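Given next are the chains, with one letter for each unit.
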Amino acid sequence: MGRKRDIQQIEAIAREFKMDKRLREDFGDFIEQEKADGHRGSLNDKGDFTYAELRQKAKEFLREIKP
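Residues numbered from 1 in each chain as written. Predicted model: local features only at pLDDT ≥ 70, side-chain atom pairs only at ≥ 80, totals over all residues. Heavy atoms only, no water.

## Some remarks on the pattern of salt bridges
Where we set the bar: We define a salt bridge as a contact between a side-chain nitrogen of Lys or Arg and a carboxyl oxygen of Asp or Glu at a distance within 4 Å. Elements are defined by DSSP. Helices are runs of H or I of four residues or more, strands are runs of E of two residues or more, and each kind is numbered from the N terminus. Any residue under 20% of the maximum accessible area for its type is buried, any over 50% is exposed, and the rest in between are partly exposed; the area is computed with a 1.4 Å probe on protein chains only.
By the definition in use, this model includes seven salt bridges. As a salt-bridge pair, Glu16 and Arg55 come within 2.5 Å of each other at their nearest N and O atoms. Residue Glu16 is found in helix α1 (residues 3–16), and its partner Arg55 is found in helix α3 (residues 51–65); the two are separated by 39 residues along the sequence. Judged by its relative accessible area of 34%, Glu16 falls in the partly exposed class. Of the charged contacts, one joins Asp48 and Lys35 as a salt bridge, the two residues approaching to 2.7 Å between their closest N and O atoms. One end of the pair, Asp48, is in the loop between α2 (21–36) and α3; the other, Lys35, is in helix α2, with 13 residues separating them in the sequence. Among the charged side chains, a network of salt bridges with common partners joins Glu34, Lys57 and Glu60.

Written as structure tokens, this is what we have:
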């Protein structure tokens, strides 16, 4: 998957979950950290996340930032 498509999916999910600009940027950082920590997606050998996996990660991210 190309980098542009990754960004488009992150943007779409940020809109779906009504993230403001700061939260969207933090969500992108969260996804990169997840990959760095070994929590890889199943889309390809690089560990990219499917759209459904990204939606689940958005839920996890929002739970972590909102007590």
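## As for α2
Spelled out, the test is: A helix's residues, less one, multiplied by 1.5 Å, set its expected span. Each C-beta atom gives one direction from the helix axis, and the arc is the one those directions make. Whenever a nitrogen or oxygen atom comes within 3.5 Å of another N or O atom, the pair is scored as a polar contact, on the condition that within protein one atom can donate a hydrogen and the other can accept it, and that pairs from neighbouring residues in sequence are kept only if both atoms are in side chains.
Taking 1.5 Å per residue as the helical rise, α2 with its 16 residues ought to reach 22 Å, and the 23 Å between its terminal C-alpha atoms agrees with that figure. Among all positions in α2, only Leu23, Arg24, Phe27, Gly28, Phe30, Ile31 and Glu34 are buried. Seen end-on, α2 carries its buried residues on one side only, within an arc spanning 155 degrees. Seen from the open side of α2, the exposed residues pointing more than 90 degrees away from its buried face are Lys21, Arg22, Asp29 and Ala36. Between the side-chain oxygen at the start of α2 and the backbone nitrogen of Arg22 there is a gap of 3.2 Å, and the oxygen is on Asp20. Taken from the residues just after α2, Gly38 is the one with a positive phi, measuring 95 degrees.

## Here's the deal with the packing of α2 against α3
To be explicit about the condition: Think of each axis as a best-fit line through the C-alpha atoms, taken over the contacting stretch in the case of a helix, with angles from 0 to 180 degrees between the N-to-C directions. Throughout this description, any angle smaller than 35 degrees is read as roughly parallel, any larger than 145 degrees as roughly antiparallel, any in the 65 to 115 degree range as roughly perpendicular, and the remainder as oblique. The hand of a helix crossing depends on one turn: near helix anticlockwise from the far one by less than a right angle means left-handed, and clockwise means right-handed. The criterion used for residue contact is that any of the two residues' heavy atoms lie within 4.5 Å. Three classes are used: nonpolar for Ala, Val, Leu, Ile, Met, Phe, Trp, Tyr, Cys and Pro, charged for Asp, Glu, Lys and Arg, and polar for all others, with Gly counted as polar.
Relative orientation of the contacting elements α2 and α3 amounts to 110 degrees, with a least axis distance of 10 Å. The angle between α2 and α3 places the two elements in the roughly perpendicular class. In terms of crossing hand, the pair formed by α2 and α3 is right-handed. Note on element contacts: α3 touches α2 through Leu54, Lys57, Ala58, Glu60, Phe61, Glu64 and Ile65, opposite Leu23, Asp26, Phe27, Phe30, Ile31 and Glu34. Taken together, the residues that form the contact of α2 with α3 break down as eight nonpolar, no polar and five charged.

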